[in-house]
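The primary structure of each chain is shown beneath.
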Amino acid sequence: MAYTEEELKKELETKEYEYGFYTDIESETFPVGLNEDIVVAISKKKEEPEWMTEWRLEAFKAWKEMEEPEWANVQYAKPDFQAISYYSAPNSKPKYDSLDEVDPELLDTFKRLGISLDEQKKLAGVAVDIVMDSVSVATTFKKTLAEKGIIFCSISEAIKEHPELVKKYIGSIVPQKDNFYAALNSAVFSDGSFCYIPKGVRCPMELSTYFRINQAGTGQFERTLVIADEGSYVSYLEGCTAPSRDENQLHAAVVELIALDDAEIKYSTVQNWFPGGKDGVGGVFNFVTKRGLCEKNAKISWTQVETGSAVTWKYPSCVLKGDNSIGEFYSIAVTNNYQQADTGTKMIHLGKNTRSTIISKGISAGKSQNSYRGLVQVNSRAENARNFSQCDSLLMGNDCGAHTFPYIEVKNKTAQIEHEATTSKIGEDQIFYCNQRGIDTEKAIALIVNGFSKEVLNKLPMEFAVEAQKLLEISLEGSVG
Amino acid sequence: MDLKDKLISSFMAFENNVDIDSPVHDERSEAIKNFEEKGFPTKKEEAWKYTSLNSLQKIDFSIFPKEANALDYKDVKKYFINEIDTYKIVFVDGIYSSFLSETTHDGVDICLMSSALTKPMYKQIIDVYFNKIASKDESLTTLNTAFSREGAYIYIPKSKMPKKPIEIVHFSTGNEASLLLQPRNLIIAEENAELQVIERHQSLTENEVLTNSVTEIFAAKNAIVDYYKVQNDLSTASLVDNTYVNQKDDSVVKVHTFSFGGKLTRNNLNFYQNGEHIDSIMKGVTILGEKQHVDHHTLVHHIQPNCESHQDYKGIYGENATGVFNGKIIVDKIAQKTNAFQQNNNILVSDKATINTKPQLEIFADDVKCSHGCTIGQLDDDALFYLQTRGIPKKEARALMMYAFANNVLESVRIPELKARINKLIAKKLGVNLGFDL
């Protein structure tokens, strides 16, 4: 069926957020506000050892001195940090051994989201560590992983069970004082995932976590720590959907990846949080710090598909410390209506023969603003560093904006850096060609956008690629102006 | 007393020597207020992230030059494009040198800012153009506005073209231990007018000089302005060049910047496209060594539809040199069918040289073609080897390749004598004599 452009635009604008519903589960929620007592209370609640409490307090002290960053190309009403409750856990504790024991209402939520646990278990072979609000409620496939010596659990569990690993690596890549939101996260993180792959082990399945923000007025502060020991390999997936809310919700996560010698980590994200209504009300604030460290011959690959959130502020980075290490960044960021995204990457070349690739595709529609902000830094001792960056933007309609802020700093003469960026719209001739071949405009746009994003979509694991393609279609079809 | 305080207190002394009742002086008073508020830019500001003015602020600059120092033409002849006849507007230590200059009022006005600002016959034009496009809140521009008194004034009426190119040359003689110069130029090309300008700043001794220059260029419908900046100063001279260009329908403005010297050079080029079918062209060759620092900041603001902009900057950095390129393209919502291209290629030839580049696009219109490309690399070893097998020594082979690298930019220089001059400068800078003209 052929739509006219107007109809398509209208349909797109009126398209309600598909996953917008709210599950009523009694939550154990802390009083709003943030002070030292709350930090200590969170730590106590999680039965954490003293060093962890100290670590949190240190972060809190630093955070108090810091100011919210303003350099990003986004505008929003600043969250009131004293009006947020910093801890909320689904009530139905303790942990379950099987899915049958899980609160049926919770299971229903997952079903409506299309995450059928048992189905996924069987079909996809994915171990899912579901974070509902802040506490892990279900962990599957743990046994299979345990046989290989792989530790995959919530971070609070890891703090209790594997303190030596956590103590050694937490904050090593993203220090407590790294930035405003990282400091806040370090002080109040409620839960998150922890993953350790032992020497020489290739993780047999894709590890994944579904993040959800459920409780009204609850900020969610995830902390993820992935450690790939020498010669190991892991592919980690992270995907998210959040219920529709009018109030802005804050999400300040920290992800730290450590790839030791010869290890490889592949970290993929599909983010589809509530982007706010079509008039720009509500939506999630996504202020994330993600960073990975590569030792000798190690490789870290970030892949992200960002379609949600009202405001996104996210720069997955690689510190290429070891010689011959590789960093990759593949990103699609889609913004529609009043969404704002300021996202990109940092590639810090420290070791010799380090290589990095950046492929960023920005698609903006509606009244949205989409920015790429990236840094490629080659230090004086990074001989033969190699970088290739490409950032392409696609504009749909005349009310949106696309911006690129690439910083390139080179201090070594043997470096080879290439950077290119283009901005364009979907050509009328391209659409005409498709029409001529019997493909209607709507399909043609989906086709072209898919082609535009293919380089990145190809990098996603199978399970995600399908979901990501679907998301792109929902967000964009018919937006051509 | 730091430089800022010194400047502010000198403003009162400055007021004794100018007509404080003129509207121009209102602009000055406003500007000094702004400067007082803002002060010198610091590295904390995004636009000055890679360039620090701290060390310059520690120098005790003389703000008002003493009497003009007479120079012999034969001593400074080599700094002019002396192979051809040109109009010349020459300043020595900031003071106009009638002896070295050749101005005209024959159909076109090629003369002095000081007379344009004070004589009633120019008042109408000054009212319309003076300080209209220059930034009112960029601190160094406001500093220049506050002390604006002298510089070049060029007015080309409708459908006129000066008979020969115009050279604007600033000499500093080292009469003062350290000197701050603030020339202010105004260039107006009316409908269908065309002109060529060559600008140069030259120190004659090793005494410290800081030049904070502002040039406003107005190109009316169909006008063509060709502007060449030759920056090959001594390593004790610093230059902050702020150029503001306002373009109307179908006009073409080209600015070529050749940066081969100086201690610290900062070029702020700002283009505002207030019309349709405009073409703005910015090209640059930078070849640096020692501890030199060059910062190219360009801004092209596409305000109206169907315009183009082209930027092409080549840089070769050796020894401890630092290069910065920050190109910004803004495409407004209504500026559909804009074509904006930006290219920045760099070669690092030393381990201690640094290049920081940030090609930036801000696009609000959908039917546009905008792209930027940026590379940092080295000379191709295979090509070098090939040239050597053909009997060309390594040093010359390298120079040939670097020359070829920069040649794109040189090709569009429309004054052959200037092109030859630049070629010589490049050969000298690369330390070779190829036995033929490059």
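As the structure is a prediction and not an experimental result, all values here were calculated from the model.

Definitions and cut-offs
Residues numbered from 1 in each chain as written. Chains lettered and ligands numbered in written order. Predicted model: local features only at pLDDT ≥ 70, side-chain atom pairs only at ≥ 80, totals over all residues. Helix = DSSP H or I, 4+ residues; strand = E, 2+ residues; numbered from the N terminus. Buried ≥ 20, exposed ≤ 12 C-beta atoms within 10 Å, placed from the backbone. Contact = placed C-beta atoms within 7 Å. Pairing = 2+ DSSP bridges. Expected span 1.5 Å × (residues − 1). Bend = angle between axes of the 7 residues up to and from the residue. pLDDT = per-residue confidence, 0-100. Core = buried A, V, L, I, M, F, W, Y, C linked by C-beta atoms within 7 Å. Domains from an automatic or database assignment. Nonpolar A, V, L, I, M, F, W, Y, C, P; charged D, E, K, R; others polar.

**With respect to the overall build of chain A**
- Check the secondary structure of chain A and you find 12 helices and 24 strands.
- The 481 residues of chain A split such that 53% are buried.
- The contacts of chain A with a sequence gap of at least 6 include a subset with a gap of at least 24, amounting to 84%.

**Some words on the interface of chain A and chain B**
- Every contact between the two is made by 31 residues of chain A and, on the other side, 31 residues of chain B.
- Only β23 (401–410) and β24 (416–425) of chain A provide two or more residues apiece to the side of chain A that touches chain B.
- Sheet topology note: the β24(A)/strand β20 (residues 369–377) of chain B ladder contains seven bridges and is antiparallel. Paired with A:Glu418 across the strands is B:Thr375, a residue of β20(B).

**Focus: the environment of B:Leu180**
All names here are of chain B.
- Relative to the helices and strands, Leu-180 is located in strand β6 (residues 178–181).
- Exposure remark for Leu-180: the 26 C-beta atoms within 10 Å place this residue in the buried category.
- For the pair Leu-180 and Asn-212, spaced 32 residues apart in sequence, the C-alpha to C-alpha distance is 7.6 Å.
- With sequence-adjacent residues up to four places away left out, Leu-180 is seen in contact with Phe-61, Ser-62, Ile-63 and Leu-210.

**Section: helix α9 (residues 394–411) of chain B**
Residues and elements named next belong to chain B.
- Taking 1.5 Å as the rise per residue, α9 with 18 residues should run 26 Å; its terminal C-alpha atoms sit 25 Å apart, in good agreement.
- Along its length, α9 reaches its greatest deviation from straightness, about 40°, at Phe-405.
- Every buried residue of α9 is accounted for by Ala-397, Ala-399, Met-402, Tyr-403, Ala-406 and Val-409.
- Buried residues along α9 sit against β12 (252–259), β14 (279–288), β16 (308–317), β18 (339–348), α8 (381–389) and α10 (416–429).

**Here we look at unusual backbone geometry**
Residues and elements named next belong to chain B.
- Not every positive phi belongs to a glycine, and Asn-192 is a case in point at roughly 60°.
- Within the element layout of this structure, Asn-192 appears in the loop between β7 (184–189) and β8 (194–203).
- Judged by the 18 C-beta atoms lying within 10 Å of it, Asn-192 is partly exposed.
- Its identity as a non-glycine residue notwithstanding, His-277 has a phi of 55°, on the positive side.
- Its place among the elements puts His-277 in the loop between β13 (264–273) and β14.
- Take His-277: there are 17 C-beta atoms within 10 Å of it, and that puts it in the partly exposed class.

**A short note on the confidence of the model for chain B**
- A residue-level look at chain B finds 98% of positions with pLDDT of 70 or above and a mean pLDDT of 87.
- Interface confidence in the predicted complex, given as ipTM, is 0.77; pTM for the same model is 0.80.

**Considerations on the nonpolar core**
- Ranked by size, the top nonpolar core spans 206 residues in total, and within it A:Cys195, A:Ala228, A:Ala259, A:Ile265, B:Ile154 and B:Ala189 carry the most contacts.
- Taken together, domain 1 (3–274) and domain 2 (382–438) of chain B each give at least three residues to this core, which thus spans both.
- Once residues within four sequence positions are removed from consideration, A:Ala228 is found in contact with A:Ile197, A:Val234, A:Ile258, A:Ala259, A:Leu260, A:Ala263, A:Glu264 and A:Ile265.
- By size, the runner-up hydrophobic cluster in this structure holds 16 residues, among which are B:Leu140, B:Ala146, B:Leu180 and B:Leu239.

**A short note on the domain arrangement of chain B**
Residues and elements named next belong to chain B.
- When the domains of chain B are assigned, the result is domain 1 (3–274) and domain 2 (382–438).
- Look at where the C-alpha atoms of domain 1 and domain 2 centre, and you get two points 32 Å apart.
- If you look at the interface, domain 1 gives 12 residues, while domain 2 gives 10 residues.
- The set of elements that each furnish at least two residues to the side of domain 1 that touches domain 2 consists of β8, β10 (224–231) and β12.
- Here the residues of the side of domain 1 that touches domain 2 are counted per class, giving seven nonpolar, three polar and two charged.

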